[in-house]
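Per-entry structural report
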Amino acid sequence: MNQDDGSTTPSPTGTTVMTGASRGLGRVAAEHLLRRHPDRHLLVLNRRPGLAAELAASTGNRNVSEVICDLASFADIRRAAAEVASALDTLGPLDGFLGNAGLQMATARRLTADGIEMTFGVNVLAYHLLLALLRPHFAVPARVVVVGSDVHDADLNTLGLIPPPRWDDPRELAKPGRDTAREGRRAYATSKLGVIYLVHALRRRLPEGVDVYSYNPGMVPDTDLSRDAGRFGHAAYRLVGKALVKFPFATTSAHAGRLLAETMSGPRPGDSGSYISRGEVIPSSPESYDERREEELWAVADDLCGLASTRRRPA
Ligand SMILES: NC(=O)c1ccc[n+]([C@@H]2O[C@H](COP(=O)([O-])OP(=O)(O)OC[C@H]3O[C@@H](n4cnc5c(N)ncnc54)[C@H](OP(=O)(O)O)[C@@H]3O)[C@@H](O)[C@H]2O)c1
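In this report, the structure presented in the accompanying data block is examined.

The rules behind the values
- Residues numbered from 1 in each chain as written.
- Predicted model: local features only at pLDDT ≥ 70, side-chain atom pairs only at ≥ 80, totals over all residues.
- Heavy atoms only, no water.
- Buried < 20%, exposed > 50% of the residue type's maximum accessible area, 1.4 Å probe, protein only.
- Helix = DSSP H or I, 4+ residues; strand = E, 2+ residues; numbered from the N terminus.
- Pairing = 2+ DSSP bridges.
- 1 Å grid on protein atoms, 1.4 Å probe; cavity = no way out; pocket = protein on both sides within 12 Å on 5 of 7 lines; lining within 4 Å.
- Points joined across faces, edges and corners; volume = space filled by probe spheres on them.
- Nonpolar A, V, L, I, M, F, W, Y, C, P; charged D, E, K, R; others polar.
- Contact = heavy atoms within 4.5 Å.
- Near = heavy atom within 4 Å.
- Polar contact = N/O pair within 3.5 Å; in protein donor to acceptor, adjacent residues only side chain to side chain.
- Sits in = over half its atoms within 2 Å of the grid points.
- Phe/Tyr/Trp six-rings, centres within 6.5 Å; stacked < 30°, edge-to-face > 60°.
- Lys NZ or Arg CZ within 6 Å of the ring centre and 35° of its normal.
- Salt bridge = Lys/Arg side-chain N within 4 Å of Asp/Glu carboxyl O.

**Notes on the pairing of strand β4 (residues 94–99)**
Extensive coverage of β4 is indicated by the burial of 6 of its 6 residues. Summarising the sheet, strand β1 (residues 15–19) and β4 pair through 5 bridges and their orientation is parallel. Counterpart to Val17 in the pairing with β4 is Phe97. Pairing geometry for β4 and strand β5 (residues 138–147), over 5 bridges, is parallel. Opposite Leu94, over in β5, you have Phe138 as the bridge partner.

Now the structure itself:
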């Protein structure tokens, strides 16, 4: 590959496209991938220009490039996917996708550029569209990991921090909800249930050899996930988190990011469609296995994203 300074590095053996590499546990995962796999290319989709240069400087690996993408805009996702597709002409084959970007809002009223409730738009629909556009470019074998959360499980004890998910007709989920922090956090839990539904529906459509997984990092309080709660709310969450990190259900971004990177690059974790919790395949909540909801979400997401419907692979 040609670098900006005219020097060359060997052509990469494969390419991973990644979202959410700018901070939090994704930043750790991106740096880990670059340090441990200098033979592979990492193409990051991020909102702020300059991330690839920062990652190259912090890891000493220049096999990294970026495409600017705001996941809260279908038009931006389409432009970014086209840029990724043309970049792939000179990169190694696309055999990895790590969808780590996600957000939690202190309201359910904020909207994406397309008028979709922000949490559902970014955490669920953005991946539906992005993966639909990248699907024709995947090599075989390839691995797709989309980051979900254990808060998708209505029976999880979140110490009252996150209300349980409330699934609904996906057209209703796409509409703005109430302007309260509680409903914002509920939208987050619901969106992570949607991630699992999406992964199950995607498994039925991806070709044999292209595996897709949802991933739960566990509770990682030292990230910026709660930043929409404002300076005080975010600081309070991080303070409580510091105490919680001593318990087995919580961990640091350093640990969670490393495990996520290892899941991305290690041996095949398990059957396609599986839920991986902190590096281990386990069943997700009983509610998260629901083919009717999965297919309904798929159809509505196709419609909202302006995609032609994608047929399932014959069983
Ligand atoms: N922290 C936890 O306790 C926890 C638990 C379970 C699951 N997770 C999941 O883990 C993933 C990483 O979260 P984190 O805790 O590391 O949070 P974080 O520090 O807030 O990082 C979130 C990442 O998502 C990106 N992002 C957010 N909105 C975006 C948009 N519209 N377009 C493009 N990128 C966007 C951010 O980019 P910018 O820098 O541009 O904002 C950032 O890179 C998320 O999917 C989250 O839901 C976290």
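Read on, since the account is not over.
**Some thoughts on empty space enclosed by the protein**
Applying the stated rule across the entire model yields 1 cavity of 30 Å³ or more. Here the largest cavity is characterised by a volume of approximately 60 Å³. Forming the walls of the largest cavity are Thr16, Leu33, Leu34, His37, Arg40, His41 and Leu42. At the level of secondary structure, the elements contributing two or more residues to the lining of the largest cavity comprise α1 (24–36) and β2 (41–46). Of the residues that constitute the lining of the largest cavity, the class distribution is 3 nonpolar, 3 polar and 1 charged.

**Topic: the side chain of His234**
You can see His234 is positioned in helix α7 (residues 230–244). Sequence-distant contacts of His234, that is, excluding residues within four places in its chain, are made with Thr223, Asp224, Ser226, Arg227 and Ala229.

**Some words on the site of the ligand**
Around the ligand, 29 residues are found, and the nearest of them are Ser22, Asn100, Tyr188, Val220 and Thr223. At a separation of 2.9 Å, a nitrogen atom of the ligand approaches a polar backbone atom of Leu71. Between the ligand and Arg227, the relevant distance is 2.9 Å, taken from an oxygen atom to a side-chain nitrogen or oxygen of the residue. Cavity membership is defined here by more than half of the atoms lying within 2 Å of grid points; on that basis the ligand lies in the largest pocket.

**Focus on the packing of aromatic side chains**
Tallying each qualifying case throughout the model produces 3 aromatic pairs. Here Phe97 and Tyr127 contribute two aromatic rings whose centre-to-centre distance is 6.2 Å and whose plane-to-plane angle is 80°, an arrangement assigned as edge-to-face. Here Tyr127 lies in helix α4 (residues 118–134) and Phe97 lies in strand β4, a separation of 30 residues in the sequence. Plain terms: the ring middles of Trp167 and Tyr197 are 4.9 Å apart, the flat faces sit at 80° to each other, and that makes the pair edge-to-face. Taken together, the positions of Trp167 in the loop between β5 and α5 (170–173) and Tyr197 in helix α6 (residues 181–203) put the pair 30 residues apart, joining distant regions of the chain. What makes Trp167 buried here is its relative accessible area of 12%. The buried category is assigned to Tyr197, whose relative accessible area is 0%. Sitting over the ring of Trp298, Arg205 keeps its end group 4.3 Å from the ring centre.

**A closer look at the pattern of salt bridges**
Two side chains carrying opposite charge are able to pair once their charged atoms lie near each other. This model, assessed by the stated rule, comprises 22 salt bridges. One salt bridge in this structure joins Glu54 and Arg48, with 2.9 Å as the shortest N-O distance. The class of Arg48 is partly exposed, set by a relative accessible area of 39%. A single salt-bridge network, built from bridges that share partners, covers Arg27, Glu31, Arg48 and Glu54.

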